[in-house]
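Chain residues, written in single-letter form:
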Amino acid sequence: MLRDTVDYQALDTLLDELDTRARRQTTKSKEDSYWVCHRKHPRHPFRSRCTIRFMPSGGVVVATTGRTRNLCRNGIAVLVRRMFALGEPVEIEVTLPERSRMYMGGLARFCRYAGRGYYEIGIELKATASTPIFSGNPMLAIRALDWLSPEGRGF
């Protein structure tokens, strides 16, 4: 079940603004330091519409729409209209033109308000596949993937 729709034009404008802030990468003021990149690996622009799935409680999967921002060796950033808790499991579905669907699963490592009602979520990737990571069968995935259990999330 999809929870909302996205104004992609407004979201692209917000992404452009975030990219401009990131290019400045200055720590001269407290406001600017909020946007400084603290990544271990270089990030690469990666913009695509996506569906973000998560399990707020009881193994029930909920979906929302968003937009990817960038990608690095073991992480991805997405913009969505929902705040995520640190360590919350997330599954991202991306369909690129002339390609098959791609699924990425991981844990939210940061969440910050980006503007215009959107949050930027940094996700540490734990798995990628051509089929759903946990949304296809949440109960089986919770038993099979240690990073989905609260003990395996590292928080």
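Described in the following lines is the structure provided in the data block. For clarity, every value in this text was computed on a predicted model and none was experimentally measured. (Residues numbered from 1 in each chain as written. Predicted model: local features only at pLDDT ≥ 70, side-chain atom pairs only at ≥ 80, totals over all residues. Heavy atoms only, no water.)

1. Comments concerning the nonpolar core
When a protein is soluble and globular, its nonpolar side chains tend to lie buried together.
Move 1: Counting 18 residues, the largest nonpolar core has Ile52, Ile76, Val78, Phe84, Ile92, Ile121 and Ile123 as the members making the most contacts within it.
Move 2: Of all elements in the fold, only β2 (49-57), β4 (75-80), β5 (89-95), β6 (101-115) and β7 (118-129) reach the threshold of two or more residues within this core.
Move 3: Looking at this core, the element that brings in the most residues is β7, giving four residues.
Move 4: Setting aside its immediate chain neighbours within four residues, Val78 contacts Cys50, Ile52, Arg67, Thr68, Arg69, Ile92, Tyr119, Glu120, Ile121 and Ile123. (Core = buried A, V, L, I, M, F, W, Y, C linked by side-chain atoms within 4.5 Å. Buried < 20%, exposed > 50% of the residue type's maximum accessible area, 1.4 Å probe, protein only. Helix = DSSP H or I, 4+ residues; strand = E, 2+ residues; numbered from the N terminus. Contact = heavy atoms within 4.5 Å.)

2. Here's the deal with the pattern of salt bridges
A side chain with one charge can pair with a side chain of the opposite charge if their charged atoms come near.
Move 1: Here the structure, examined in full by the defined rule, presents nine salt bridges.
Move 2: Note that Glu93 and Arg53 form a salt bridge whose closest N and O atoms lie 2.7 Å from each other. Of the two residues, Glu93 is situated in strand β5 and Arg53 in strand β2; the sequence distance between them amounts to 40 residues.
Move 3: The class of Glu93 is buried, set by a relative accessible area of 9%. (Salt bridge = Lys/Arg side-chain N within 4 Å of Asp/Glu carboxyl O.)

3. Let's talk about the packing of aromatic side chains
Move 1: Tallied over the entire structure, the rule returns two aromatic pairs.
Move 2: When the centroid spacing of 5.2 Å and the interplanar angle of 80° are considered together, the rings of Phe54 and Phe84 count as edge-to-face. Of this pair, Phe54 sits in strand β2 while Phe84 sits in the loop between β4 and β5, and the two are 30 residues apart along the sequence. Take Phe54 and Phe84: they sit in the same class, and that class is buried.
Move 3: For the pair Tyr113 and Tyr119, a centre-to-centre distance of 5.4 Å together with 75° between the ring planes defines the contact as edge-to-face.
Move 4: Overall, the relative accessible area of 41% leaves Tyr113 in the partly exposed class.
Move 5: Its guanidinium or amino end placed over the ring of Phe54, Arg82 lies 3.9 Å from that ring's centre, counting from NZ or CZ. (Phe/Tyr/Trp six-rings, centres within 6.5 Å; stacked < 30°, edge-to-face > 60°. Lys NZ or Arg CZ within 6 Å of the ring centre and 35° of its normal.)

4. Some details on the side chain of Arg82
Move 1: Along the chain, Arg82 turns up in the loop between β4 and β5.
Move 2: On the basis of relative accessible area, Arg82 is assigned to the buried category, the value being 18%.

5. Structural notes on the side chain of Ser149
Move 1: As for its position among the elements, Ser149 is in the segment after α3 (138-144).
Move 2: Residue classification places Ser149 among the buried positions, given a relative accessible area of 16%.
Move 3: From its side chain, Ser149 meets the backbone oxygen of Asp146 in a polar contact 2.9 Å long. (Polar contact = N/O pair within 3.5 Å; in protein donor to acceptor, adjacent residues only side chain to side chain.)

6. Observations concerning the environment of Arg112
Move 1: Among the structural elements, Arg112 can be located in strand β6.
Move 2: For Arg112, a relative accessible area of 16% corresponds to the buried category.
Move 3: Considered as a pair, Arg112 and Met83 are 29 residues apart in the sequence and their alpha carbons are 7.8 Å apart.

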